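For reference, the chains in residue letters:
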Amino acid sequence: MDGYIRRRGYVSNNMRTGIVSLMLLVPITMQEDSYSHEELTENIHIYEGADFEEVTKTTLFVDKSLLIKRIFDNTKHGSGILIQTPSKFGKSTNLNMVKRFFEVNLDDKGSIITSEDTKNYKIFRNNFLNIFKMRQFFARHFGKYPVVFIDYKPLSMVVTVEQMLAVFFREVMSETFSPHKYLLNDPYLWQHNRTVSWIDRDKFERFVNPELN
């Protein structure tokens, strides 16, 4: 029994010593592991815009590309989808991703560019995104659709109807139609003063070239 008690006392003393040692070492360890904000963030690439290509280059990028198939499956029968989240939750970035996936890439003359040669294809391939791994879906739908992308963000700062109209036609419409400048070179579309709905060639050219206004 005495030996057992002494053994327990020996262990207890060692535990006390160990605890004291830890208490003495903790401040030293914390001091050695403390870093400045600059040191902690020097290797972190942060991007606050909505360009999907730039977002994929950031250190904290999270692959949400399967959202593309989710949206496709929920809209292929003609129904729409409404995404409501607060500001800075990635709505614009995800829409830019969806746009880059579906949009057909054309040259200045309106000829289709082979998908494998486009910047959009390289974004999905080089980052080996989840949607790229779905080979059948990717091959069937990537770069196969004409996309009209409208960004109303420039209107967020307007306060009058006059400003709204000016900004809408100068910025919103211009950004919407600029990727489709190739339509100006389509002889069939504009021949014999042919009009497309409410727009003629001269008006369309002013949309894609706002400096003409």
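Residues numbered from 1 in each chain as written. Predicted model: local features only at pLDDT ≥ 70, side-chain atom pairs only at ≥ 80, totals over all residues. Heavy atoms only, no water.

## Examining the pattern of salt bridges
Overall, the coordinates contain 8 salt bridges when judged by the stated rule. Glu53 is the salt-bridge partner of Lys119, the closest N and O atoms lying 4.0 Å from each other. One end of the pair, Lys119, is in helix α6 (residues 119-126); the other, Glu53, is in helix α3 (residues 52-55), and 66 residues separate them in sequence. When its relative accessible area of 16% is taken as the criterion, Glu53 is described as buried. (Salt bridge = Lys/Arg side-chain N within 4 Å of Asp/Glu carboxyl O. Helix = DSSP H or I, 4+ residues; strand = E, 2+ residues; numbered from the N terminus. Buried < 20%, exposed > 50% of the residue type's maximum accessible area, 1.4 Å probe, protein only.)

## Re the packing of aromatic side chains
The geometry of two aromatic rings is summed up by the distance between their centres and the angle between their planes. One pass over the structure, following the stated rule, counts 19 aromatic pairs. Just above the ring of Phe132 sits the side chain of Arg135; from NZ or CZ to the centre is 4.2 Å. (Phe/Tyr/Trp six-rings, centres within 6.5 Å; stacked < 30°, edge-to-face > 60°. Lys NZ or Arg CZ within 6 Å of the ring centre and 35° of its normal.)

## Considerations on the nonpolar core
In this structure, Ile68, Phe101, Phe124, Ile131 and Phe138 are the most contacted members of the largest nonpolar core, which totals 17 residues. Listing elements by their share of this core, those giving two or more residues are α4 (67-75), α5 (91-102), α6, α7 (130-133) and α8 (135-141). Top element by residues in this core is α5. It accounts for 4 residues. Every residue in contact with Ile68, bar those within four places of it in the chain, is listed here: Met97, Val98, Phe101, Phe102, Phe124, Ile131 and Phe137. Counting 8 residues, the second largest nonpolar core, distinct from the first, contains Met173, Leu184, Leu189 and Phe204. (Core = buried A, V, L, I, M, F, W, Y, C linked by side-chain atoms within 4.5 Å. Contact = heavy atoms within 4.5 Å.)

## What to know about the packing of helix α9 (residues 161-177) against helix α11 (residues 201-208)
Viewed as axis vectors pointing N to C, α9 and α11 meet at an angle of 100°, and their least axial separation amounts to 7 Å. By the angle class used here, α9 and α11 are roughly perpendicular. Of the residues in α11, those in contact with Phe169, Met173, Ser174 and Phe177 of α9 are Phe204, Phe207 and Val208. Of the residues that constitute the contact of α9 with α11, the class distribution is 6 nonpolar, 1 polar and no charged. (Axes fitted to C-alpha atoms, helices over the stretch in contact; angles between N-to-C directions. Parallel < 35°, antiparallel > 145°, perpendicular 65-115°, else oblique. Nonpolar A, V, L, I, M, F, W, Y, C, P; charged D, E, K, R; others polar.)

## Quick notes on the side chain of Asn96
Take Asn96: it is sitting in helix α5. In terms of polar contacts, Asn96 uses its side chain to reach the backbone amide nitrogen of Phe52, at 3.0 Å. For Asn96, the contacting residues outside a window of four places in its chain are Ala50, Asp51, Phe52 and Phe149. (Polar contact = N/O pair within 3.5 Å; in protein donor to acceptor, adjacent residues only side chain to side chain.)

## Let's talk about a nonpolar patch on the surface
Together, Val161, Met164, Leu165 and Phe169 make up an exposed nonpolar region whose accessible area comes to about 340 Å². Tracing the sequence through the fold places Leu165 in helix α9. (Patch = residues over 30% accessible without salt bridge, like charges linked within 9 Å, V, L, I, M, F, W, Y side chains within 5 Å. Areas by Shrake-Rupley, 256 points an atom, 1.4 Å probe, with all protein chains shown as cover.)

## So, the environment of Lys153
By secondary structure assignment, the location of Lys153 is in the loop between α8 and α9. Judged by its relative accessible area of 60%, Lys153 falls in the exposed class. In this structure the C-alpha to C-alpha distance between Lys153 and Val172, which are 19 residues apart in sequence, comes to 8.3 Å.

## Some remarks on α6
For an α-helix, the turn length of 3.6 residues means that residues three or four places apart are oriented alike. Listed in full, the buried residues belonging to α6 are Asn120, Tyr121, Ile123 and Phe124. Angularly, the buried residues of α6 cover 155° about the axis, an arc narrow enough to put them on a single face. Seen from the open side of α6, the exposed residues pointing more than 90 degrees away from its buried face are Lys119 and Asn126. Along its buried surface, α6 packs onto α3, α4, α5, α7 and α8. Just past α6, the residue Phe128 takes up positive phi, approximately 45°. (Arc of directions from axis to C-beta.)

By themselves, these observations are geometric and do not establish any function.
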